[in-house]
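# Descriptive analysis of the structure
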There are 2 protein chains.
Amino acid sequence: MPTACVFSKARTDMTFAVTPQSLNFDQPLQLKGGGVLSAYQLHYETYGRLNAKRDNAVLICHALNASHHVAGYHEGQPKSTGWWDNMVGPGKPVDTDRFFVIGVNNPGSCFGSTGPMHTNPQTQQVYGADFPVVTVEDWVTAQARLLDALGIEQLAAVMGGSLGGMQALSWSLQYPERIRHAVVIASAPNLNAENIAFNEVARRAITTDPDFHGGDFYAHGVVPKRGLRIARMLGHITYLSDDVMNTKFGRALQHGDAFKYSTQDIEFQIESYLRYQGDKFSEYFDANTYLLITRALDYFDPASAHQGNLTAALAAATAKFLLVSFTTDWRFAPSRSREMVQALVANQRDVSYAEIDAPHGHDAFLLDDPRYLKVVKSYFDGIQTSAAEAA
Amino acid sequence: MPTACVFSKARTDMTFAVTPQSLNFDQPLQLKGGGVLSAYQLHYETYGRLNAKRDNAVLICHALNASHHVAGYHEGQPKSTGWWDNMVGPGKPVDTDRFFVIGVNNPGSCFGSTGPMHTNPQTQQVYGADFPVVTVEDWVTAQARLLDALGIEQLAAVMGGSLGGMQALSWSLQYPERIRHAVVIASAPNLNAENIAFNEVARRAITTDPDFHGGDFYAHGVVPKRGLRIARMLGHITYLSDDVMNTKFGRALQHGDAFKYSTQDIEFQIESYLRYQGDKFSEYFDANTYLLITRALDYFDPASAHQGNLTAALAAATAKFLLVSFTTDWRFAPSRSREMVQALVANQRDVSYAEIDAPHGHDAFLLDDPRYLKVVKSYFDGIQTSAAEAA
């Protein structure tokens, strides 16, 4: 068997080992909501090599339930594949043979960067409910500081899906001169009332769990798992399309082919699936982080400073854009992406837009639809870097 | 002012007084799920007069959060207007000047008929979690026995929206000879995976509330209000369309025009609205009833006894049908009504179908869309009774 073939297989199926890194920041981060992080740590990972001109860096922004661990696996943990490993890696759409890719965990999250479970250096107490409200704009500022530390003046591209797409959009407005391309996938220029409503139900499930203790549950040695489970079950429904739920689960029963006739036991496979997802999530996700990140989603609305005029808001963007949406995504529907496309076109910006007819709902942005991956690959293939194809 | 005008105004705006009635049934009700109600009481109301030939009776079936109190108001309670008062009354689409209309509270509900908060006559204990699982078919059986007691052999029509529509459909299959017309509004021939998933999240919110006590909370003197609130908030989102939520609430703030930047306080009006709905609901609705009724929704699936073939399932129906759906109803989408229409047409049944382009989502079936009310009125105007127009 030719070596090249084995190598190619190893790269795409088995991916590569990666080691998380961290950096401490002592310059206070003044937050949009009025709070301040006096000192903080960011966890991040990088893939590929920064070229000599430092113009091949790509920043990947994560959504609610993800982290800096975008691609590859952690040594000794073969199942620890990154959340966008199908998108980022050698020979993949965001090709780490060409690009230097950075994943960073946002402050307030629960995967290593400073968050509500950490100690507030000013009080020496665990933050808990006192962790300051963070916004998409704050995350972008923190990410920019990480780039400063890494010696990267300008990104070839910033990319994200869902809430990550909001960060990519915000980059184009906060630091237009520091990005050449913005890739905004399955996202929206703000949440609509229904999005906010679902977030609020999830938050209320968490905050009314007696184990939440107003957000200071760490001190009580408990976790508001009941609330986290409900939040995740609900979130999961909104990530999937009606179609894919019917195809994958339909009305299939969990036990044999007859009902048990019980109000509390599992009857349908979809119930078992959701309970499993909720249980798993409640084992590792932080309740305060859930509140913080859903609030960051709620607050994001660049048009609000322009009387709701998105075209006026996006006039500040100078990057070239790729936007992608998925037809069955009812959380961030294609119409929301089209709003952004239209506002960018009205500003005579360079915009590519793909609306993928995929059955998987919002989750599609994480999946392996070949048309989707091809669109992203083609776009990144067209991004100029000084050492293209020869990193 | 002419008397007729005053009378007309009084009838439509101020509606009429009505007194609930009840009947005890000693013949055990054997339930589809294997349980039995050895004795039970049904609360019901009637409007209009039964004619001499007893052929002008219309049964109205209620959905999750409604009752026998369909129309009119209760003496001394001017705000106690029935849930379908815009549909049923003198001169209204279901005209009580022509029809004798019956509303009945289903067993397992919490508005007077025997339910989980009542005493099991066999054990002298409150039913609580031991209340047997009830199905749409069981409710129809109980309703048929009420008609027996009222001396009504055949209904001019049976009518319901949502879960009530499922009961109307089930009537056409269980007692085809006892109904001439079935009016099935904003309904479905079964729940899909997403519907079941939302029900399951609501149920888990209730059953994991520490105050639920496995369903026996009555004995503990508490009510699982946290769970009920979450269930209702979530349900409410699914009753409304995306459109109407954006029109009614959008991103409007609750306090002034600036964010408070808080993860736990209310920021948006939609949050306040949902919390209010949840609070109100948790004050009066029974937690076990919520489980029982959502399970009845889950279980209903007349096609399941015919290998999923709805056409085969509906072959038993001989009634004439009116079906109505609403374009923005994503809980029971028009496609679900069309499935029923197609199955009935395939059986060469007499079917009228209206798809109303209304913005209000599932809730539209309770609202005053003039086209909708006109469709129902026209249909009922065409229903023959022996004493038409002269009750």
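Look above for the structure.
Residues numbered from 1 in each chain as written. Chains lettered and ligands numbered in written order. Predicted model: local features only at pLDDT ≥ 70, side-chain atom pairs only at ≥ 80, totals over all residues. Heavy atoms only, no water.

Relative to the helices and strands, Asn288(A) is located in helix α8 (residues 287-299). When the C-alpha positions of Asn288(A) and Ala358(A) are compared, they lie 33 Å apart, and in sequence the two are 70 residues distant. (Helix = DSSP H or I, 4+ residues; strand = E, 2+ residues; numbered from the N terminus.)

Take the sheet that holds strand β5 (residues 40-47) of chain A next. Residues and elements named next belong to chain A. Here 8 strands make up an open sheet; going across it, the order is β2-β5-β10-β6-β11-β12-β13-β14 and the pairing mixed. With partners counted over all chains shown, the strands left at the sheet margins are β2 (21-25) and β14 (351-356), one partner each. Averaged over all adjacent pairs, the angle separating strand axes in this sheet is 20 degrees, with direction ignored. With 4 bridges joining them, strand β6 (residues 57-61) and strand β11 (residues 155-161) adopt parallel strand pairing. Across the sheet, Leu-59 pairs through a bridge with Val-158, a residue of β11. Each of β6, β11, β12 (179-185), β13 (320-326) and β14 touches helix α11 (residues 370-381); the most contacted strand, β13, lies at about 180 degrees to it. (Pairing = 2+ DSSP bridges. Axes fitted to C-alpha atoms, helices over the stretch in contact; angles between N-to-C directions. Contact = heavy atoms within 4.5 Å.)

Here we take up the interface of chain A and chain B. Facing 56 residues of chain A, the contacting portion of chain B comprises 55 residues. Both faces combined, the contact of chain A with chain B buries some 4,800 Å², and carbon together with sulfur accounts for 63% of it. Among the residues of chain A in contact with chain B, Arg251(A), Tyr261(A) and Thr263(A) are the three that bury the most area, contributing 16% of the side total. Between the two partners, chain A and chain B, sit 8 salt bridges. Glu271(A) serves as the salt-bridge partner of Arg203(B), at 2.8 Å between the closest nitrogen and oxygen. (Buried area = accessible area lost by both parts, 1.4 Å probe. Salt bridge = Lys/Arg side-chain N within 4 Å of Asp/Glu carboxyl O.)

Now for the sheet that holds strand β10 (residues 100-104) of chain B. Residue and element names in this part refer to chain B. The strand order across the open sheet built from 8 strands is β2-β5-β10-β6-β13-β14-β15-β16, with neighbouring strands paired in mixed fashion. Only two strands of the sheet have a single neighbouring strand rather than two, namely β2 (21-25) and β16 (351-356). Direction aside, neighbouring strands of the sheet carry axes that sit 20 degrees apart on average. Running over the sheet, helix α2 (residues 136-150) touches β2, β5 (40-47), β6 (57-61), β10 and β13 (155-161) and is turned about 65 degrees from β5.

Further remarks concern empty space enclosed by the protein. Applying the stated criterion to the full structure yields 8 cavities of 30 Å³ or more. Quantified by volume, the largest cavity comes out at close to 110 Å³. Every residue lining the largest cavity is counted, 14 residues in all, and those nearest its centre are Ala205(A), Thr208(A), Ala205(B), Thr208(B) and Arg226(B). Within the residue set of the lining of the largest cavity, elements represented by two or more residues are α5 (225-239) of chain A together with α5 (225-239) of chain B. For the lining of the largest cavity, the class distribution of residues is 6 nonpolar, 4 polar and 4 charged. (1 Å grid on protein atoms, 1.4 Å probe; cavity = no way out; pocket = protein on both sides within 12 Å on 5 of 7 lines; lining within 4 Å. Points joined across faces, edges and corners; volume = space filled by probe spheres on them. Nonpolar A, V, L, I, M, F, W, Y, C, P; charged D, E, K, R; others polar.)

A few words now on the packing of aromatic side chains. Summed over the entire model, instances satisfying the criterion amount to 50 aromatic pairs over all chains. With a centroid separation of 6.4 Å and an interplanar angle of 80 degrees, the aromatic rings of Tyr379(A) and Phe380(A) are classed as edge-to-face. Under the relative-accessibility criterion, Phe380(A) is labelled buried at 0%. Consider the rings of Trp171(B) and Tyr175(B), whose centres lie 5.2 Å apart with planes at 50 degrees: the pair is tilted. By the burial criterion, Trp171(B) is buried, and Tyr175(B) matches it. By way of ring pairs, the aromatic residues Phe111(A), Phe281(A), Tyr284(A), Phe285(A) and Tyr290(A) are connected into one cluster. (Phe/Tyr/Trp six-rings, centres within 6.5 Å; stacked < 30°, edge-to-face > 60°. Buried < 20%, exposed > 50% of the residue type's maximum accessible area, 1.4 Å probe, protein only.)

Moving on, we come to the pairing of strand β14 (residues 179-185) of chain B. All names here are of chain B. Counting buried positions along β14 gives 6 out of 7 residues, so the element sits mostly inside the fold. Pairing of β13 with β14 involves 6 bridges; the strand directions are parallel. Looking at β14, one finds that Val-158 is bridged to Ala-182. The parallel pair β13 and β14, bridged by helix α3 (residues 163-174), forms a crossover whose chirality is right-handed. Here β14 pairs with strand β15 (residues 320-326) via 5 bridges, running parallel. The residue of β15 that forms the bridge with Val-184 is Leu-323. (Right-handed = clockwise from strand over helix to strand, strands pointing away.)

Right, let's get into the layout of surface pockets. By volume, the largest pocket amounts to about 1,100 Å³. Every element with two or more residues in the lining of the largest pocket is listed here: α5, α6 (242-248) and α7 (269-284) of chain A. Ranked by residue count, the leading element in the lining of the largest pocket is α7(A), at 5 residues. Per-class residue counts for the lining of the largest pocket are 17 nonpolar, 14 polar and 6 charged. Approximately 780 Å³ is the volume found for the second largest pocket. Forming the boundary of the second largest pocket are 30 residues, of which Asn65(B), Arg232(B), Tyr239(B), Asp363(B) and Leu366(B) lie nearest the centre.

What is shown is where atoms sit, not what they do.
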